[in-house]
Amino acid sequence: MIETHDTTVTFRATMSRLATGVSVITTRSGSAPIGMTASAVTALSLSPLQLIVCISNHLYTRTAIAEHGRFAVNVLGEESEHLARNFAVSKPDKFAGVETHDDHGVPVLKDAIAAVVCDVADALPGGDHTIFVGDVRYFDHRAGGRPLVYFAGGFGSLGSPKEPVTTA
């Protein structure tokens, strides 16, 4: 397929129909905290515990993760749209007024409903993104937290959860 501006716009609109959770990816550059909003995050493996995050090659967060070798995935709750918007824009200090604690060498957002700290196991090319495979070092979640959801270019929340899906 030949990529044109129209196909890129249409593909982006098509993929925006895939509802995703919203996370803030955090790391460090020297002693400075670095972070960005992301929706391209997923579990990869249970043995070993791994997840993946996909980050645009033009973002400084990608460089900082590659250099620091560790990152955190902070899963945002439905009440944290302000954090998603804060970390989605380029500005000098995204962490101003944001409560964090240092966990295993990376900042973790106090208001996250779940957090996973990973060491970079691999960095793979993925077009205009880098796919980071993370070996999980620490994880925790807040019981009862409900996720912030991204769909069709906007933020929202889930309705009442249905019966959980379990594996046999």
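Above this text you will find the structure in question.
Given the structure is predicted, the values throughout are model-derived calculations rather than measurements.

(A) Region of the structure containing the overall build of the protein chain. On a plain count of helices and strands, the protein chain comes out with three helices and twelve strands. Compactness check: the protein chain gives a C-alpha radius of gyration of 16 Å against a globular reference of 15 Å for 168 residues, within 12% of the reference. With respect to the principal axes defined by its C-alpha atoms, the protein chain has extents near 45 × 40 × 35 Å. Across the 168 residues of the protein chain, 35% fall into the buried class. Excluding contacts between residues fewer than 6 apart, the proportion of contacts in the protein chain whose partners are at least 24 apart in sequence is 62%. A gap of 4 Å separates the mean positions of the 13 positive and 17 negative side-chain charges of the protein chain.

(B) Just the layout of surface pockets, in detail. Approximately 1800 Å³ is the volume found for the largest pocket. As for the largest pocket, its lining consists of 43 residues, of which Arg12, Ser39, Ala40, Ser56 and His129 are closest to the centre. Of all the secondary structure elements, the ones that give two or more residues to the lining of the largest pocket are helix H1 (5-15), strand E3 (32-38), strand E5 (49-56), helix H2 (60-68), helix H3 (81-88) and strand E10 (129-141). It is E3 that contributes the most residues to the lining of the largest pocket, seven residues altogether. For the lining of the largest pocket, a count of residues per class yields 23 nonpolar, 14 polar and six charged. Estimates place the volume of the second largest pocket at around 330 Å³. Forming the boundary of the second largest pocket are 17 residues, of which Val41, Thr42, Ala43, Leu51 and Val116 lie nearest the centre. Mapped by element, the contributors of at least two residues to the lining of the second largest pocket are strand E4 (41-46), E5, strand E6 (70-75) and E10. The biggest single contributor to the lining of the second largest pocket is E4, with five residues. Split by residue class, the lining of the second largest pocket holds eleven nonpolar, six polar and no charged.

(C) Geometry of the sheet that holds E6. Within the open sheet, the seven strands sit side by side as E3-E2-E6-E9-E10-E5-E4. Their pairing is antiparallel. Looking at the sheet topology across the chains shown, the edges are occupied by E3 and E4. Averaged over all pairs of adjacent strands, the angle between their axes in this sheet comes to 35°, without regard to strand direction. Of the pairings in the sheet, the one linking strand E2 (residues 23-29) to E6 comprises four bridges and is antiparallel in character. Residue pairing in the sheet places Ser23 in a bridge with Val75 of E6. Where H2 meets the sheet, its contacts fall on E2, E3, E5, E6, strand E9 (114-126) and E10, and the angle it forms with E2 comes to roughly 55°. Sheet contacts for H3: E2 and E3; angle to E3, the most-contacted strand, approximately 110°.

(D) The pairing of E6, seen in detail. Sheet analysis places E6 next to E9, joined by six bridges and oriented antiparallel. Bridge pairing in E9 places Phe71 opposite Cys118.

(E) Summary view of the pattern of salt bridges. As enumerated under the stated definition, the model contains seven salt bridges in all. Several salt bridges share partner residues, and in doing so they unite Arg70, Asp119, Asp135 and Arg137 into one network.

(F) Structural view of the nonpolar core. Formed by 13 residues in total, the largest nonpolar core has its most connected members in Ile25, Leu51, Val53, Ile55 and Phe71. Breaking this core down by element, the ones donating at least two residues are E3, E5, E6, E9 and E10. The dominant element in this core, judged by the number of residues it contributes, is E5, at three residues.

Conventions used here
- Residues numbered from 1 in each chain as written.
- Predicted model: local features only at pLDDT ≥ 70, side-chain atom pairs only at ≥ 80, totals over all residues.
- Heavy atoms only, no water.
- Helix = DSSP H or I, 4+ residues; strand = E, 2+ residues; numbered from the N terminus.
- Rg over C-alpha atoms; globule rule 2.2 N^0.38 Å.
- Buried < 20%, exposed > 50% of the residue type's maximum accessible area, 1.4 Å probe, protein only.
- Contact = heavy atoms within 4.5 Å.
- Lys, Arg positive; Asp, Glu negative; His and termini not counted.
- Charge placed at Lys NZ, Arg CZ, Asp CG, Glu CD.
- 1 Å grid on protein atoms, 1.4 Å probe; cavity = no way out; pocket = protein on both sides within 12 Å on 5 of 7 lines; lining within 4 Å.
- Points joined across faces, edges and corners; volume = space filled by probe spheres on them.
- Nonpolar A, V, L, I, M, F, W, Y, C, P; charged D, E, K, R; others polar.
- Pairing = 2+ DSSP bridges.
- Axes fitted to C-alpha atoms, helices over the stretch in contact; angles between N-to-C directions.
- Salt bridge = Lys/Arg side-chain N within 4 Å of Asp/Glu carboxyl O.
- Core = buried A, V, L, I, M, F, W, Y, C linked by side-chain atoms within 4.5 Å.

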